[in-house]
Amino acid sequence: MHATSLLFAARQLTVQMMQNPQILAALQERLDGLNGSPSGYMESLPKVVKRRVNALKNLQVKCAHIEAKFYEEVHELERKYAALYQPLFDKRSDIVRAAYEPTDEECEWKVDEEEELTVSKQEEMKEKAKLEEEKKDEEKEDPKGIPEFWLTVFKNVDLLSDMLQVGSEQKVGHSICGGSYCLPPAGQTSFTLEFYFEPNEFFTNTVLTKTYKMRSEPDESDPFSFDGPEIMSCTGCTIDWTKGKNVTLKTIKKKQKHKGRGTVRTVTKTVPNDSFFNFFSPPEVPENGELDEDSEAILAADFEIGHFIRERIVPRAILYFTGEAIEDDDDEYDEEGEEADDEEGEEEADEENDPDYDPKVSTQPGS
């Protein structure tokens, strides 16, 4: 039989086997049995070789501790440069909330050639709309600062936009006037996110905070799992809600039927509501570190959001406001997609060059 025919037959057999639930169950049971157990090869090593393997493991533990020291020094560098960034973040906040009006020199922006071409194409449209805009501007007062700056940033990021519910939630979002983070004194590896708010009808707080505690040293019971600093827990803050304005709660009405008399009554209950502000009330991590699946999922998403806000949103807020940072993120995913497409193309070409390939016969599971 031709080699390609054998390969094709093997593929078909594999597909048939993977569709058999009994074979899949047996395979899964075998894999579960292997999980966490040493390989047969390691067990077969002579005792003198195993001694040397243990020596290499001890070296690896020392490497993990050196790596932890590296991250400690990185954290100290972050603290140093955070102090340099902070005045710029403060000035950004002042401009956004109209506490400071930038000078003409500060407002100058050099447009690159590509942007110039785009601008020139839009000049005619802008000129036509200019008169109408001037009329509207005359009727309205000059806007203060940059309206809805942080709300727009949040809306432009998929990870955060899903957290902002419609209705009252959006109204609260209008009052966000600043975002920042701060690092603790030397020797502590944590960070605190800070969100500043203009006076609003929903709560009296002017700032809401979220602190993430991190661990940057290997776990003595499992040193090989160390892969840099990791978030261990987080603490929110108390929101002083105005009566009747708590958007993290909602009122529902349920009908209840009496089992004996058969009468029906309507009961009003207050239940939790999906809200961005639940971000400030995360599940508490018990001392033993054990969580149920729901809490684990919530904290995993929480940690991802907190890290993203610190690393991307706060430092590059203006680029998420304009959409430029979003385009950069999309470009990264597009490149990965193109690579995947190329691989699929190569696979299709191989099948077409196979003299025994029959396009009518599908090799996909479940076909």
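Residues numbered from 1 in each chain as written. Predicted model: local features only at pLDDT ≥ 70, side-chain atom pairs only at ≥ 80, totals over all residues. Heavy atoms only, no water.

The helix and strand tally for the protein chain stands at 12 helices and six strands. Buried positions account for 24% of the 367 residues belonging to the protein chain. Element-wise, carbon and sulfur atoms account for 51% of the exposed surface of the protein chain, whose accessible area totals about 26,900 Å². (Helix = DSSP H or I, 4+ residues; strand = E, 2+ residues; numbered from the N terminus. Buried < 20%, exposed > 50% of the residue type's maximum accessible area, 1.4 Å probe, protein only. Areas by Shrake-Rupley, 256 points an atom, 1.4 Å probe, with all protein chains shown as cover.)

Counted according to the given criterion, the structure contains one cavity of 30 Å³ or more. Here the largest cavity defines a volume of roughly 50 Å³. Contributing to the lining of the largest cavity are Arg215, Glu217, Pro218, Asp219, Asp222, Ser225, Phe226, Gly228 and Glu230. Its residues placed into classes, the lining of the largest cavity shows two nonpolar, two polar and five charged. (1 Å grid on protein atoms, 1.4 Å probe; cavity = no way out; pocket = protein on both sides within 12 Å on 5 of 7 lines; lining within 4 Å. Points joined across faces, edges and corners; volume = space filled by probe spheres on them. Nonpolar A, V, L, I, M, F, W, Y, C, P; charged D, E, K, R; others polar.)

Bringing the pairing of strand 6 (residues 264–272) into the picture now. Sheet analysis places strand 5 (residues 249–257) next to strand 6, joined by nine bridges and oriented antiparallel. Paired with Leu249 across the strands is Pro272, a residue of strand 6. Two successive antiparallel strands, strand 5 and strand 6, enclose a turn made up of six residues, where Gly262 displays a positive phi of approximately 80°. (Pairing = 2+ DSSP bridges.)

On to the pattern of salt bridges, then. All told, the structure shown has nine salt bridges when counted by the stated rule. Linking Glu201 and Lys245 is a salt bridge whose minimum nitrogen-to-oxygen distance equals 2.9 Å. Of this pair, Glu201 sits in the loop between strand 2 (190–197) and strand 3 (207–215) while Lys245 sits in the loop between strand 4 (230–235) and strand 5, placing them 44 residues apart in sequence. Under the relative-accessibility criterion, Glu201 is labelled partly exposed at 44%. Here Arg215 ties to Glu230 by a salt bridge, and the two come within 2.7 Å at their closest N and O atoms. Placement of the pair is Arg215 in strand 3 and Glu230 in strand 4, with a sequence separation of 15 residues. Several salt bridges share partner residues, and in doing so they unite Glu78, Arg310 and Glu311 into one network. (Salt bridge = Lys/Arg side-chain N within 4 Å of Asp/Glu carboxyl O.)

Honestly, it's all geometry; don't read function into it.
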